[in-house]
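So you can see what is in the structure, the chains are spelled out below.
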Amino acid sequence: MHSIRKDPDHEMHRDLAKYGEMTTLHLGSKTWILLNSQRVVSEIIAKKGSLTNGCSPMPVASGIVSRYGRSLLLPPSGWTEKRRVMHSLLSGTALRQYAAWQELESTQLLAEYLFQPELWYRHHYRYANSVVHRIVLGGRLVKTGKELADLQDVVTHSIGSIGSSMVDWFPELESLSKFLHLWRAHWEKLAVWNYNLYRSWWVPVREQINAGIAPPSFVRDVLLHDDTKFTGDDQEAMYVAMQIIEAGSDTTREALNIFAMASLYHPDVMTDMDKMPYICASIKEVLRWRPIFPFTPDHVLTSDMEFEGYHFPAGVGLVINGIAVCEECEDPDIFNPERWLDGHETDAAHGLWQFGGGRHICVGYRLAQRGLSLNIACLVMCYDYAAAGSYNSHRLNHHSTDEPFPVKVTVRSEEHAKLIKEDATRNGVLETKWGRSEI
Ligand code: HEM
């Protein structure tokens, strides 16, 4: 357990995959089956999704820190209703509407790069957060840079609590008498920070909805709408909404950062992205090359399962070994989008397991794919990335709210700069942005 946590280069993920396509791990009182090849992930997570949709108990990360509000960390009884409302995010009609918002925010991203190239990484987060903010809470984002950094920080700590506490590896400890729960005070502090920050985003929106003056949003039109109303209480509704925002912003930010790192390592690839299939393939390669999820959340078996001569008892957690699966190809350390040009490049979830799979598959993967294609296409067209110091492509420092690795961004020409400014002015994102003193 300790080795997994202290392994930034993921050597252990690779070592564990040497035993074969599946590796059994006993971690605390839990049993995990690591799925180390694309074949078994597809057979088990995708094709046996109805059996593999549980989640192991996490009294700290799911209970104390998340107040049982993050669907990703709940058993089926806890996530079915949440998943029902979230489903609307995947519909084609919704995605078409979202595309316009993605374009607008991307126009702003290009302008932000022009005026504050040294804050390239902040622009990634603002972009990602603005899009999901508009979708989920409604209206354009008007948060300050500090407010955004606070959200990123609290989310990093809260998600970082997964697997951090011994209690989550030995969940039986939860049944001890309450006065022996010596860990509670520590995690409760994080929970309160998380809860209060969420409320500061949630309450104004709910008040606007109650007053009948809220713009269209997932919260107004699905979550709290009479026809589709979520059956949970106000606190649960808040966690559903904010979980989408956190899940959608952090991952997209990290993917854009990996793209920036890939531009330092393989600038030649980035000059050749004029064809859409190639861009789609590049998105998949960004997520394969430096996986955001070395392990995906465990999918727990809800009943016994037989698989190719093996017997798996109910209760074991099936975990995708993201590192092993992503490196199951020729020259895995080389960033090579062409490996994805197989006719399925426009489906980001085909053959790539970074969005998870089965009944719990990421609800935002189509949205993420569209946003990444749009931004990466525009960014490579308009900007050059160069190293501004030493860097290591395995050290992406996703947790940092400061510059994660040193990059110098330069606009490709005066002509490009002019077009970016014109586009931003035409779309009304230049004034709003640069009228404010900070991002
Ligand atoms: C590069 C971008 C993204 C990556 C790599 C990613 C990855 C993931 C993964 C691995 C899971 C867990 C799936 C499983 O257990 O099988 C997940 C769940 C989730 N994702 Fe994403 N995601 C991305 C973008 C987004 C976006 C843009 C949204 C917002 C709409 C989003 C919303 C969610 C939500 C709400 C869940 C929880 C679903 C549930 O509890 O059933 N994600 N994502």
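Everything below is about the structure shown above.
Below: a short report on this structure. (Residues numbered from 1 in each chain as written. Predicted model: local features only at pLDDT ≥ 70, side-chain atom pairs only at ≥ 80, totals over all residues. Heavy atoms only, no water.)

1. Points about the coordination of the iron atom of the ligand
Then, number 1: Just one protein atom donates to the iron atom of the ligand; it is Cys362 (SG), sitting 2.3 Å from the metal.
Then, number 2: Residue placement: Cys362 occurs in the loop between α15 (322-326) and α16 (365-382). (Donors = N, O, S within 2.8 Å, 3.2 Å for Na, K, Ca; no water. Helix = DSSP H or I, 4+ residues; strand = E, 2+ residues; numbered from the N terminus.)

2. Re the sheet that holds strand β1 (residues 22-27)
For sheets, the rule is that strands pair by backbone hydrogen bonds, running either parallel or antiparallel.
Then, number 1: With mixed pairing, the four strands of this open sheet are ordered in space as β1-β2-β6-β3. Each of the sheet's edge strands pairs with one partner strand only, and the pair in question is β1 and β3 (299-300).
Then, number 2: Across four bridges, the pairing between strand β2 (residues 30-35) and strand β6 (residues 317-320) is parallel. When the sheet's bridge partners are listed, Ile33 is paired in β6 with Leu318. (Pairing = 2+ DSSP bridges.)

3. Considerations on the environment of Ala46
Then, number 1: Mapped onto the elements of the fold, Ala46 is located in helix α3 (residues 38-46).
Then, number 2: Separated by 315 residues in the primary sequence, Ala46 and Ile361 have C-alpha atoms spaced 9.1 Å apart.
Then, number 3: The contact partners of Ala46, leaving out residues within four places of it in the chain, are Val41, Trp353 and Gly358. (Contact = heavy atoms within 4.5 Å.)

4. Looking at the site of the ligand
Then, number 1: Around the ligand sit 25 residues, and of these Ser71, Arg83, His299, His360 and Cys362 come closest.
Then, number 2: His299 is positioned with one of its side-chain polar atoms (N or O) 2.8 Å from an oxygen atom of the ligand.
Then, number 3: Listing elements by their share of the shell around the ligand, those giving two or more residues are α5 (76-86), α12 (234-265) and α16.
Then, number 4: Take the shell around the ligand: its biggest share by element is five residues, from α12.
Then, number 5: When its residues are assigned to classes, the shell around the ligand shows 13 nonpolar, 11 polar and one charged. (Near = heavy atom within 4 Å. Polar contact = N/O pair within 3.5 Å; in protein donor to acceptor, adjacent residues only side chain to side chain. Nonpolar A, V, L, I, M, F, W, Y, C, P; charged D, E, K, R; others polar.)

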